Amino acid sequence: MSSIITDMDLATTQLILPELLLLGGIIAMILVPNLGDATMRIPLTRVRIPILIGGTRFASINNPKLPNQIATTVLALAFLTSFLFLGEHGEVGNSLQVDEFSRLFTLLFTAALFLASVATTARLPARPRASVPLDTDSTTHSDAKVNALIDNRRQVDFHILLLTTGLGMSLMAMATNLFMLFVCLELASLSSYILVAFHKETDVGGEAGMKYFIVGSVVSAVGIYGMSLLYLWNGSLDMANLAASWKGMEVIDPFAAIGVGLMLVAFGFKVGAAPFHLAVPDAYAGASSPIAGVLATASKAMGFVALMRLLLVVTMPSAGQASWLLVLALVAVVTMTWGNLAALTSDNPKRVLAYSSVAHAGYMLAALAAIGSGLADSDTSALIATAVVFHLCVLVLFKMGAFLVLSMLEAEGRGHRMEDLHGLARRDPVIATSMFVFMLSLAGVPPLSGFLSKLLMINGIVNVSAGTGSASAATALSWAQGVDPVFWLAIAIVLNSALSLFYYLRIGLVMFFESPDTENPLVHSPSLKMAIIACAVLTLLFGIGPLSDSLLDMVGSAVDSFMRS
Amino acid sequence: MGGERLIDDPLSVITLVPLAVGLLLMILPRVLPESSAEGLIRVSRNISIGVALAIAAITTLLFLGQWGSIDWTNITQGGYVLQNEAVDLIPAIGVTWKVGADALSFPMIWLTAILIPISMLVEWDAKRGHLFFPLLLIMESALLGVFVALDLFVFYVFWELTLIPMFLLILLWGGEDRRYAAMKFFIYTFTASVFMLIGILVMYFHTDAITGLGSLSGHHFDLVAMTAQDNLIPSEGLRHFVWILLLIGFATKMPSVPVHTWLPDAHVQAPTAGSMLLAGVMLKMGAYGFLRISMTVFPESTIEFVPLLIFLGMVSLVYGAWVCMGQTNLKRMVAYSSVSHMGLIFLGIATMQPLGIAGALFMMFAHGIISPLLFAVAGAFKHHYHTLEIGSMRGIAHHSPWLAAHMMLGWMASLGLPLLAGFVAEVAILIAFWMTYGWLVLLPALTLIVTAAYYLNSMQRTIFESNDPDQGILPDTLHGENPSDLTWHENAGMLTLAAMTALFGIMPFIFWDMMSDWSSGIIINTMIEAMQTQEWSP
């Protein structure tokens, strides 16, 4: 650690500026609300010097909205700085590597958290003018006042956790050492467990947090056990070192194989792959919608970074099939099918989105499996990895956007039943249209960005496998018998997309064609509404045209730097 | 785009302008200060119909050679006119905006441009007009995009984009059971086209790199270059497999038995304008895609699967016609007659004769005029008599002479009366079929008698037969009101369609010449070679 601190020159500062900003934000969040006019008398004199911490708070910071403002600003700044310094690369300490890949993911994480932070203004509102209940108030009135006071008090807790999640995720994307990777992953995970359970006064909140925490920590323990086996086998957890040893193995060492297998369980839980996905829908349904959105986008992206590091860097053989191909392909098919079937039968929009998120994890795993088939040359592998990362990027727009819409409903105490979406178009046509766009994009309807990313993934799979069918096959049937089984992953994605249409369209239908229980317009929150509209517009712009091309280029060069590492 | 380029590139203009105007018309009322609903609808309708008419005028001028002075009868198959300079859309994966027209697509482009203003006329007083007319404009964009795109990515985007306005048209203005029909329509056709997408992707990654395109993937979606590339997919088995994947998409859109079941539901529930466009243009997308991609790029596979085409065509034709006989719902009957007519298109292609393929092309066009007329009639019947049941009333001729006249003309055209547009196509296909397959022609020919039977039967029951010469029998749904005849706008739309039916029946050569050129071209350029390699003879 000393090396980091002593070597802290300007260049290093610039490299990890986004992370430093997040850290500064966390410190500011602790200090700023406690600033006051406290003074200290210098002993033996009458001089009192202000020490600023404690005493009566300054009027200007005595505002419960302050933590939200700090968090939003810091996340926006972190996003901007990582965008500005996208091309910078270098090593920080011995276990962090800053390159375009990690910067791109910092962008992704901060964007998702920024949206969550914006949504919190409506979901967990701070009320500067909240007052203490009076004896004369009715029960409901006094309850509301108490709730407002509680909400004000927990602003700091919530936003600190949001920033630590961001810090953990962002550092994780840079880690080149498995141990570092795991520590950062846990920093982000532990913060997110608390965020899931944050609304502990609700019936589902506490239960969801508990479930997510218990399953998550057991799975983490399994992962750490796997890591210890890898350490025993190799003597180092540096990923480049591990990769070299893996490639040098003549026969697969059981230590290494079991170690990697156990770590896959841990990361599989993070991305929501079957059969480790069972806690996912509960967690999403119990958490507030912005947090569920973070889980579905940023947290999932974090899991995929870890998976890609483990699968594509450490255990990918230089030629031929990867040993995990069959397992991953099976998990992918089971995950997407299970997710879609469960989403079909679900009546809670948040659970539907949760299961749809599971299904999407399945699509991305199928694409990774295509890389593992060993049929792809390095260009094609890069193209497939680009497709997966691109999908993770645009998910922030439409998956998060969908959760933001739900958080608008939640702000008025609804959003847990399909009926709550009924007639949304009549209450707020713009929001309903945006939600419809998000659903179509999730389903992969062109020209939205969800289509482009799904097309790239299917293309990758078809690309590596369709050439394998016997070239001399004269009939379609004999060709189909000869083709590499990876090809059928593409067909599985297609069939699953068809299945998923039912529930995506259903959400669209009920918004436009059922009559709402109430005609009241939605809770007024201009910033959240702006964020939702921006998400919807960007969902379209990243689907076709120059903007999608520049994002593809950005992701492409990020994946290049990842593949080189 | 600069001003000069716009004039040089009319196809991009007619494709993109309706989309832009349609979206603006949908968004603007939310931004501008509140105005009266009536005024809003009127403005929206006037602008929409103005744009649609302008596009119809542009395409007509293009056809007459007044604009760009194009000699339509001299486009060789494989060549395109009105091509633009490709504009990069997503160069990283080789997607460009590239448009062009030839004798295969232009009649469809013109048909779309003409049908949109007509369907707007017919549904002049649609409810929620401030959404309805812009939605039709967006529909126009999507349909034109399918026919002009020469880049398979863009083609697929427009192909799927047609679903969204049609889905909304059925949902928002449809009949009783509209939700079921809309869902079925969307899921059915979307799923089928994703199979087609896999086929397109296999083609995509077999393409050779073009400099400056596909920096990320090394491939491109350019259809012209794909067609030009020798032996695009070397493995014969894979080629057949891709052909089948494409066929799933195209046959579902056409639709062919056994994947036709979405059509009757969608038609019955859709609003009149929706049905008109669905039958008039959307069904042709399937046949267009088949001729444009499957047949042009994979001639050997097409030859290989000729028996399958004949089978699908025959089954659609015969089954569609027989099911028609049993229908009592007017729209359902017309829908099944569409299935039957689309079967004829497959038969025309399967003849592998220039005459047969030209017949199929003309069938696409003729059915594109006749079926909208039939659906306009059915819509008006529903509008004025509040029912679609064929047996529920007698003697329309007495109460609504205009409606009866159009109904009569439409049905006559559909059953293939000489001097009307449908006849030319049917005769061409049957002659070509006889030339290739001999007496097998009896099956489709006899089916045409069935067609005549069900039309004549319904005609007699609804239009003429009346127990009481003064009254006829009025349906219960009228609740004793006096029935009315067509309104002026319905009549104007139907008259245009009826006039076109007669015009193209008497003077088919207006389009026939260029179609026949194109058909000879495809046989000579690609099919003969393929027939030789496949050692195919009928």
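Quantities reported herein were computed from a predicted structural model and do not represent experimental measurements.

### Brief notes about the overall build of chain A
Point 1. In terms of regular secondary structure, chain A is built from 23 helices and four strands.
Point 2. Here the C-alpha atoms of chain A give a radius of gyration of 25 Å, agreeing with the 24 Å that 2.2 N^0.38 yields for 565 residues.
Point 3. For chain A, the spread of C-alpha atoms along the principal axes amounts to about 95 × 65 × 45 Å.
Point 4. For chain A, the share of sequence-separated contacts (at least 6 apart) that also reach a separation of at least 24 residues comes to 78%.

### Quick notes on the overall build of chain B
Point 1. Per the secondary structure count, chain B includes 22 helices and two strands.
Point 2. Oriented by its inertia axes, the alpha-carbon framework of chain B measures out at about 75 × 65 × 45 Å.
Point 3. Looking at chain B as a whole, 62% of its 538 residues are labelled buried.
Point 4. Taking contacts inside chain B between residues at least 6 apart in sequence as the whole, the part at least 24 apart equals 78%.

### Description of the interface of chain A and chain B
Point 1. The interface is formed by 38 residues belonging to chain A together with 34 residues belonging to chain B.
Point 2. Looking at the side of chain A that touches chain B, the elements that each hand over two or more residues are α16 (378–410), α19 (449–465), α20 (476–482), α21 (487–513) and α23 (546–564) of chain A.
Point 3. Among the elements that line the side of chain A that touches chain B, the one with the most residues is α21(A), at 10 residues.
Point 4. Class assignment for the residues of the side of chain A that touches chain B results in 24 nonpolar, 11 polar and three charged.

### Some words on α16(A)
Owing to its 3.6 residues per turn, the α-helix aligns residues three or four sequence positions apart on the same side.
Point 1. End to end, α16(A) covers 46 Å across 33 residues, agreeing with the expected 48 Å (1.5 Å per residue, within 8%).
Point 2. Counted residue by residue, α16(A) has 30 buried out of 33 residues, so it is predominantly covered.

### Some words on the packing of helix α15 (residues 349–372) of chain A against α19(A)
Residues and elements named next belong to chain A.
Point 1. Packing of α15 against α19 brings their axes to within 9 Å, and their N-to-C directions diverge by 30 degrees. Taken as axis vectors, α15 and α19 run roughly parallel relative to one another. Crossing geometry of α15 relative to α19 is assigned as left-handed. Contacts between α15 and α19 involve Tyr363, Ala366, Ala367 and Ala370 from the former and Lys454, Met457, Gly460, Ile461, Val464 and Ser465 from the latter.
Point 2. Taken together, the residues of the contact of α15 with α19 sort by class into seven nonpolar, two polar and one charged.

### Some remarks on the confidence of the model for chain B
Point 1. Averaged over every residue, the pLDDT of chain B is 86; the share at 70 or more is 96%.
Point 2. Predicted complex metrics record ipTM = 0.80 and pTM = 0.87.

### Some thoughts on the nonpolar core
Point 1. One finds A:Leu108 and B:Phe362 to be the most contacted residues of the largest nonpolar core, which totals 416 residues.
Point 2. Residues within four places of B:Phe362 in sequence aside, it is in contact with B:Val424, B:Ala425, B:Ala428, B:Pro508, B:Phe511, B:Trp512 and B:Met515.

### Let's talk about helix α3 (residues 37–64) of chain B
Residues and elements named next belong to chain B.
Point 1. Given a rise of 1.5 Å per residue, 28 residues ought to cover 40 Å, and the 40 Å separating the end C-alpha atoms of α3 matches this to within 8%.
Point 2. Of the positions making up α3, those classed as buried are Ile41, Ser44, Arg45, Ser48, Val51, Ala52, Ile55, Ala56, Thr59, Leu62 and Phe63.
Point 3. Just downstream of α3, Gly65 is the residue with a positive phi angle, here 85 degrees.

### Quick look at the pairing of strand β1 (residues 87–90) of chain B
Residue and element names in this part refer to chain B.
Point 1. Across three bridges, the pairing between β1 and strand β2 (residues 95–97) is antiparallel. Residue pairing across strands places Ile90 opposite Val95, the latter belonging to β2.
Point 2. Linking β1 to β2, which pair antiparallel, is a turn of four residues; within it Gly94 sits at a positive phi near 80 degrees.

### Some details on the environment of B:Leu278
Residues and elements named next belong to chain B.
Point 1. Its location among the elements puts Leu278 in helix α12 (residues 272–297).
Point 2. Residue Leu278 is classed as buried on the basis of its 25 C-beta neighbours within 10 Å.
Point 3. Note: C-alpha distance between Leu278 and Gly368 (90 residues apart in sequence) is 9.6 Å.
Point 4. Discounting chain neighbours no more than four positions away, the residues touching Leu278 are Met166, Ala266, His267, Ala270 and Leu283.

### Remarks on the environment of B:Met254
Residue and element names in this part refer to chain B.
Point 1. By the secondary structure assignment, Met254 is in the loop between α10 (236–253) and α11 (262–269).
Point 2. On the neighbour-count criterion, Met254 (30 C-beta atoms within 10 Å) is buried.
Point 3. In sequence terms Met254 and Phe346 are 92 residues apart; their C-alpha atoms lie 9.8 Å from each other.
Point 4. If we ignore the near neighbours within four places in the chain, the residues touching Met254 are Leu283, Gly286, Ala287 and Met342.

### Considering unusual backbone geometry
Across residues other than glycine, the phi torsion is negative in most instances, and most of the peptide bonds are trans.
Point 1. For the bond running from A:Pro446 to A:Pro447, omega is 5 degrees, close enough to zero to count as cis.
Point 2. Structurally, A:Pro447 can be placed in the loop between α18 (429–443) and α19.
Point 3. Residue B:Pro258 is bonded to the preceding B:Val257 through a cis peptide linkage, with omega at 10 degrees.
Point 4. Within the fold, B:Pro258 resides in the loop between α10 and α11.
Point 5. Look at A:Leu44: it is not a glycine, yet its phi comes out positive at around 70 degrees.
Point 6. In this structure, A:Leu44 sits in the loop between β1 (39–41) and β2 (48–50).

### Some details on the packing of helix α8 (residues 178–196) of chain A against helix α9 (residues 203–234) of chain A
All names here are of chain A.
Point 1. Relative to each other, α8 and α9 sit at 175 degrees, their axes nearing to 10 Å. The angle between the axes of α8 and α9 places the two elements in the roughly antiparallel class. Contact residues: α8 offers Leu178, Phe182, Glu186, Ser189, Tyr193 and Val196, while α9 offers Ala208, Gly209, Tyr212, Phe213, Gly216, Ser220, Gly223, Ile224, Met227 and Leu230.

### Here's the deal with the environment of A:Ile26
Residue and element names in this part refer to chain A.
Point 1. Take Ile26: it is sitting in helix α3 (residues 17–31).
Point 2. The exposure class of Ile26 is buried, given the 21 C-beta atoms found within 10 Å.
Point 3. Once the C-alpha coordinates of Ile26 and Thr56 are considered, the two residues, 30 residues apart in sequence, prove to be 22 Å apart.
Point 4. Not counting the four nearest positions on each side in its chain, Ile26 is found in contact with Ile160, Leu163 and Thr164.

What counts, and where the lines are drawn
Per chain, the residues get numbers from 1 upward, laid out in the order the sequence is written. Following the order in which they are written, the chains are lettered starting with A and the ligands numbered starting with 1. Local features in this predicted model are restricted to residues whose pLDDT is 70 or higher, and side-chain atom pairs enter the listing and the counts only when it is 80 or higher, whereas totals over whole chains, interfaces and linings include all residues. The secondary structure listing takes helices from DSSP runs of H or I that are at least 4 residues long and strands from runs of E that are at least 2 residues long, numbered from the N terminus. Radius of gyration: over C-alpha atoms. The globule rule applied is 2.2 Å multiplied by the number of residues raised to the 0.38 power. Residues are treated as contacting if the C-beta atoms built from their backbones sit within 7 Å of each other. Exposed residues have 12 or fewer other C-beta atoms within 10 Å of their own C-beta, buried residues have 20 or more, and partly exposed residues fall in between, where C-beta atoms are placed from the backbone. Note on residue categories: nonpolar means Ala, Val, Leu, Ile, Met, Phe, Trp, Tyr, Cys or Pro, charged means Asp, Glu, Lys or Arg, and polar means any other residue, Gly included. Helix span is expected to be 1.5 Å times the residue number reduced by one. All axes here are fitted lines through C-alpha atoms, helices being fitted over the stretch that makes contact, and every angle between N-to-C directions spans 0 to 180 degrees. Angles are sorted into four bins: roughly parallel if under 35 degrees, roughly antiparallel if over 145, roughly perpendicular if 65 to 115, and oblique for all others. Note on convention: near helix rotated counterclockwise from far helix by under a right angle means a left-handed crossing. Clockwise means right-handed. For every residue, the pLDDT score states the predictor's confidence, bounded by 0 at the bottom and 100 at the top. Put simply, a nonpolar core is a cluster of buried Ala, Val, Leu, Ile, Met, Phe, Trp, Tyr and Cys residues tied together by C-beta atoms within 7 Å. For two strands to pair, DSSP has to find at least two bridges joining them.

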